[in-house]
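Fold and geometry: a report
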Amino acid sequence: MNKALDNRDGVSSVCPLDCADTCSLSVDVHEGEISRVRGSRANPFTRGKICAKVAQALPGQVHGPQRLTRPMVLDGPKGAGHFRPVSWDEALDIIHARFTDIIARYGAEAIAPLTYGGPMGLLAKGSMDARFFHRLGASKVDATTLCAGTSSAAWESVYGSAGGIPYTELPHSRLIVVWGNNITGCNLHATTLIREARKNGARLVVVDPKRTRIADEADLHLPIVPGTDVVLAYAVAARLQVTGGLDKGFIERYVHGAEAFLKEASRYPLQRAADLCGVDATLIEQFAQLWQTHSPAAVSIGVAPERNRNGGSGVRAVLALPALTGNLGPKGAGVFDVSGFFPVQRDALSRPDLCREPVREFNALDLARHILDPGDATPVKAVFIYNHNPVAVHPRQREMRAALSSEELFVVGSEISMTDSMAVADLVLPATTHLEYDDLYKAYGHQFLQRSAAVIAPVGEALPNTELFRRLARRFGFAESCFGDSDAELMDQAFPSDMAQLAGRRASELALDEAVDMAAGNPPLLMRGMMPDTPSGKIELFSERLQSATGNGVPGYRALPAQRGFLLVSPASERRINSTFGGITGHDTDMVCEMASADAERLGLHHQQRVRLFNDGGEVELPLAVSDRVRPGTVYVPKGGWIKGSPTGQTINALVPGHKSDLADGACYYDCSVDIVACA
């Protein structure tokens, strides 16, 4: 590319972060490099506004000194950080030789792809990469257990596969409940719609242990103890039953198992629930009254409620409230969930038919065990890490690092920069940023489909995932024609060719400066032309499938783990969504331990003092931020920190326990209990 000629302003793109909003972007290019990133008005939901983290950090991620530009192979002891550059042909030969040897000795299931969110495009994950590993016969690793898997299982157990309502219906709601969702940090554009609804008389309730910025605008804020969401939802349901606030006609016609659910809920009258949740009983009573007197009512549930041992039961109980009050069907009533608007043809993209025989699948949380202590099972002898930074993301960080650092494990990874996980790899491959390849983006906070194209040429020798796995397929001699599909062909395979929303176009033909409204044409939604496809055909507050699998068709509250001094919560912040920007210099000023002023005073600690957080998993040192926004007994540290910025060689994920949630065996990040003392 002629850099001198490549000066363009306002080039259309899309934000790839694991954030609900999936904003449209306008990118300025100067001499072939990204000079500025702004919001674009192409997406009517995001309306030209983007968060500071993207505007400030993205150019540095693309062109900063941490950027990987050539394949590199380990040159010295594992984990010491010594690598030497190799050509792409050499890198592919190394992978082929090591994988072939492992397959000959242990079978293909000894190889495991380790991928997660990364860039959220449909092509970057689950297309050519999935085809390669299916054809190889590698193990499948379920990474949904790290996030959203428990919520998805809870949703399916209540509503089946029927979808929720789009956020664009917010202005029609009379009661808006934001439950465990810091929308000002990772669902920013919903705030404008909430404010519009508030001007029309809607009431706003926020359930969150922290007084987030949206909670400042709420009519009611319930700062509950993390992990007690199920108790609060049960208490509201029980109170509604006492006060006559249930919609008996709706329940009789559309709900299965309400009697069993309400029996469980009756175990949590106001005062008992208040004691468990750590809030005043009058707040719970007021919350129930709002459900009774304001309709249509809608709920926005974040991932926070699932991140504890009661995660599945908590989400199920929250999902029950719209059903018990008849808030499903009318515009502005229900649960915000846009997954149903994107009928992605995942099998067409991933081609599971390429698997020659059934292969095992295991929970990503169990990866270290499959490496270090597999027992009689096939050991994992190689992992391919892409779209993921497991050392920074997984619970029990010390165990994960030990597993990936094993001399008997071959670790190959594709990344933008030298992350904590790449630092323990044997072979590191340079990956393109999303500004250097074409992709399709759906969202989980709005219903608009967007296409992006490369804004600049790949930096150095970096490759997008689609091209990387095409080359690997050729090197392994995979002759199936699907490994020759272009990115445009992959896009066209992602959605049905007869989708009315595409207006007769292929997905690859969508304009770069448009966002397709996938809710156009009134597609059938829950209670709007679509009934739950549950076994009973109704909304299931009691589930026979759960009864069979867990022995409890209405999961209840399980007491929180034995407590140290504080519960540690690690959400996204307004400077980071995850670990994506963790390696960028100057972008870690939010890495503090936020503590209630009453707790700081009790412990004799002061603002900006360095403190040590510790438990049996490890220890972390951070500056203290004294605040009146967090509830006493709970501290906040943003997720996404990198080890290289930690004086203890660990991040807060070293402190997160390894036990699993009640549904789908999800990670329990918010069951983390720590003690805190001043640093010496």
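Residues numbered from 1 in each chain as written. Predicted model: local features only at pLDDT ≥ 70, side-chain atom pairs only at ≥ 80, totals over all residues. Heavy atoms only, no water.

1. Overview of the sheet that holds strand β20 (residues 516-517)
- Spatially, three strands are ordered β18-β19-β20 in an open sheet, and the strand pairing comes out antiparallel. Unpaired on one side and paired on the other, β18 (439-441) and β20 mark the two borders of the sheet. (Pairing = 2+ DSSP bridges. Helix = DSSP H or I, 4+ residues; strand = E, 2+ residues; numbered from the N terminus.)

2. Examining the packing of helix α7 (residues 229-243) against helix α9 (residues 258-265)
- Packing of α7 against α9 leaves a shortest axis separation of 8 Å and a crossing angle of 105°. For the element pair α7 / α9, the angle class is roughly perpendicular. Within the contact between the two elements, α7 uses Tyr 234, Ala 237, Ala 238 and Gln 241 and α9 uses Phe 261, Leu 262, Glu 264 and Ala 265.
- Among the residues forming the contact of α7 with α9, the class breakdown is six nonpolar, one polar and one charged. (Axes fitted to C-alpha atoms, helices over the stretch in contact; angles between N-to-C directions. Parallel < 35°, antiparallel > 145°, perpendicular 65-115°, else oblique. Contact = heavy atoms within 4.5 Å. Nonpolar A, V, L, I, M, F, W, Y, C, P; charged D, E, K, R; others polar.)

3. Regarding empty space enclosed by the protein
- Applying the stated rule across the entire model yields five cavities of 30 Å³ or more.
- There is about 530 Å³ of room inside the largest cavity.
- Gly 118, Pro 119, Glu 415, Ile 416 and Thr 580 are the residues nearest the centre of the largest cavity, which is lined by 34 residues in total.
- Within the residue set of the lining of the largest cavity, elements represented by two or more residues are α1 (52-63) and β16 (410-415).
- Broken down by element, the residue count for the lining of the largest cavity peaks at three residues, all from α1.
- A class-by-class count of the residues in the lining of the largest cavity yields 16 nonpolar, 16 polar and two charged.
- The residues that make up the lining of the largest cavity include at least three from each of domain 1 (72-146 + 342-517) and domain 3 (566-678).
- Of the pockets and cavities examined, the second largest cavity occupies roughly 70 Å³. (1 Å grid on protein atoms, 1.4 Å probe; cavity = no way out; pocket = protein on both sides within 12 Å on 5 of 7 lines; lining within 4 Å. Points joined across faces, edges and corners; volume = space filled by probe spheres on them. Domains from an automatic or database assignment.)

4. Some points on the pairing of strand β26 (residues 610-615)
- Of the two faces of β26, the one lined by Val 611, Leu 613 and Asn 615 is fully buried and the one lined by Arg 610, Arg 612 and Phe 614 carries no buried residue.
- The pairing of β26 with strand β27 (residues 618-627) spans six bridges and is classified as antiparallel. Residue pairing for β27: Leu 613 is matched across the bridge by Val 620.
- From the end of β26 to the start of β27, which pair antiparallel, there are two residues.
- Sheet analysis places β26 next to strand β29 (residues 672-678), joined by four bridges and oriented antiparallel. Looking across to β29, one finds that Leu 613 is bridged to Ile 676. (Buried < 20%, exposed > 50% of the residue type's maximum accessible area, 1.4 Å probe, protein only.)

5. Here's the deal with unusual backbone geometry
- Cis rather than trans, the peptide bond between Ser 295 and Pro 296 has omega equal to 5°.
- Relative to the elements of secondary structure, Pro 296 occurs in the loop between α11 (281-293) and β12 (297-301).
- Backbone geometry places Ala 148, a non-glycine residue, at a positive phi of 80°.
- Considering the arrangement of structural elements, one finds Ala 148 in the loop between β7 (140-142) and α4 (149-159).
- Using a relative accessible area of 30% as the deciding quantity, one classes Ala 148 as partly exposed.
- Phi is positive for Ala 664, close to 65°, though the residue is something other than glycine.
- Topologically, Ala 664 is positioned in the loop between β28 (634-636) and β29.
- Overall, the relative accessible area of 39% leaves Ala 664 in the partly exposed class.

6. Quick word on the packing of aromatic side chains
- Across all of its chains, the model carries 21 aromatic pairs by this definition.
- Ring-pair connections join several aromatic residues into one group, and the members of that group are Phe 99, Phe 132, Phe 133, Phe 384, Tyr 386, Phe 410, Phe 469, Phe 476, Phe 478 and Phe 483.
- The ring of Tyr 636 has Lys 210 sitting right over it, with the charged end atom 5.2 Å from the ring centre.
- Here Arg 612 stacks its cationic end above the ring of Phe 614, 4.5 Å away from the centre of that ring. (Phe/Tyr/Trp six-rings, centres within 6.5 Å; stacked < 30°, edge-to-face > 60°. Lys NZ or Arg CZ within 6 Å of the ring centre and 35° of its normal.)

7. Looking at α9
- The complete set of buried residues in α9 reads Ala 258, Phe 261, Leu 262, Glu 264 and Ala 265. Down the axis of α9, the buried side of the element spans an arc of 155°, and every buried residue falls inside it. Exposed residues pointing more than 90 degrees away from the buried face of α9 are listed as Glu 259 and Lys 263.
- Packed against the buried residues of α9 are α7, α8 (248-254), β11 (255-256) and α12 (311-324). (Arc of directions from axis to C-beta.)

Read these as geometric descriptors, not functional statements.
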